[in-house]
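# Notes for the structure review
Okay, here's what each chain looks like letter by letter:
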Amino acid sequence: MTQTTLNSVYVDRSLCDNHGQCAIAAPKVFRMNDEGILEYTETFEDDYMDEMEEAMDVCPVQAIFINGEGNL
């Protein structure tokens, strides 16, 4: 049996402007609600790391942090 590792994601709401680029890059974790506000799941599996790193990269305000590490 393969053990799945869960990673954590955090969006700094004081930075987030709800551009939605993360929802395009990683739709399994990020989504825009009917009011245009970002919603997200706080954990994701290792096999989704590439999409999550892309979401961090495309965030215009660098508001996404994975496993406690943000964009530098």
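Residues numbered from 1 in each chain as written. Predicted model: local features only at pLDDT ≥ 70, side-chain atom pairs only at ≥ 80, totals over all residues. Heavy atoms only, no water.

### Structural notes on a negative patch on the surface
Stated precisely, the cut-off is as follows: Patch building starts from residues that exceed 30% relative accessible area and form no salt bridge, then joins like charges within 9 Å and nonpolar side chains (Val, Leu, Ile, Met, Phe, Trp, Tyr) within 5 Å. Surface exposure here means Shrake-Rupley accessible area, sampled with a 1.4 Å probe, where a residue is shielded only by the protein chains that are shown. Between Lys or Arg on one side and Asp or Glu on the other, a salt bridge is scored when a side-chain nitrogen of the former is within 4 Å of a carboxyl oxygen of the latter. None of His or the chain ends enter the tally, which takes Lys and Arg as positive and Asp and Glu as negative. All charge positions are set by atom: Lys at NZ, Arg at CZ, Asp at CG, Glu at CD. Each helix corresponds to a stretch of at least 4 residues labelled H or I by DSSP, and each strand to a stretch of at least 2 residues labelled E; elements are numbered beginning at the N terminus. Classification of residues uses two cut-offs on accessible area relative to the type maximum, computed with a 1.4 Å probe and protein chains only: under 20% is buried, over 50% is exposed, and between them is partly exposed.
Judged by side-chain charge, Asp50, Glu53, Glu54 and Asp57 come together as a negatively charged surface patch. Inspection of the secondary structure assignment puts Asp50 in helix H2 (residues 49–58). On the basis of relative accessible area, Asp50 is assigned to the exposed category, the value being 61%.

### Quick notes on the nonpolar core
Nonpolar side chains in soluble globular proteins generally cluster together in the buried interior. Using the following cut-off: Nonpolar cores are built from buried Ala, Val, Leu, Ile, Met, Phe, Trp, Tyr and Cys residues. Side-chain atoms within 4.5 Å join them into one set.
Within the largest apolar cluster, 20 residues are counted, with the highest numbers of intra-cluster contacts made by Val9, Val11, Val29, Phe30, Met52 and Ile64. Listed by contribution, the elements that provide at least two residues to this core are strand S1 (6–11), helix H1 (21–25), strand S3 (38–40), H2 and strand S5 (64–66).

### Observations regarding the sheet that holds strand S4 (residues 43–45)
Rules: Following DSSP output, two strands are said to pair if at least two bridges run between them. Think of each axis as a best-fit line through the C-alpha atoms, taken over the contacting stretch in the case of a helix, with angles from 0 to 180 degrees between the N-to-C directions. Here, residues are in contact when the closest pair of their heavy atoms is within 4.5 Å.
An order of S4-S1-S5 is seen for the three strands of this open sheet, with the pairing classed as antiparallel. The open sheet has two free edges, formed respectively by S4 and S5, since each of these has just one partner strand. Neighbour-to-neighbour, the strand axes of this sheet turn through a mean angle of 30°, independent of strand direction. Judged from the three bridges that link them, S1 and S4 form a sheet pairing that is antiparallel. Following the sheet pairing, Leu6 is matched in S4 by Glu45. The sheet strands contacting H2 are S1, S4 and S5, and the helix crosses S5 at an angle near 145°.

### Here's the deal with the environment of Pro60
Relative to the assigned elements, Pro60 resides in the loop between H2 and S5. A C-alpha to C-alpha distance of 30 Å links Pro60 and Thr4, two positions 56 residues apart in sequence. Apart from residues no more than four positions distant in its own chain, Pro60 is found in contact with His19 and Gln21.

### Quick look at unusual backbone geometry
The phi angle at Asn18 is positive, at roughly 60°, despite the residue not being glycine. With respect to the element layout, Asn18 can be found in the loop between S1 and H1. Phi at Gln62 takes a positive value of approximately 55°, unusual for a residue other than glycine. Tracing the backbone through its elements, the reader meets Gln62 in the loop between H2 and S5.

### Quick notes on the packing of aromatic side chains
We count it as follows: For Phe, Tyr and Trp, where Trp contributes only its six-membered ring, two rings pair if their centres lie within 6.5 Å, and the inter-plane angle classes them as stacked under 30 degrees, edge-to-face over 60, or tilted in between.
Applying the stated criterion to the full structure yields two aromatic pairs. Pairing Tyr10 with Phe65 gives two aromatic rings, centres 6.1 Å apart and planes at 40°, and the pair type is tilted. Note that Tyr10 is positioned in strand S1 and Phe65 in strand S5, a separation of 55 residues in sequence. Ring centres 6.1 Å apart and planes at 35° place the aromatic pair Phe30 and Tyr40 in the tilted group. Linking Phe30 in strand S2 (residues 30–32) with Tyr40 in strand S3, this pair joins segments that are ten residues apart in sequence. No difference in accessibility class separates Phe30 from Tyr40, as the two residues are buried.

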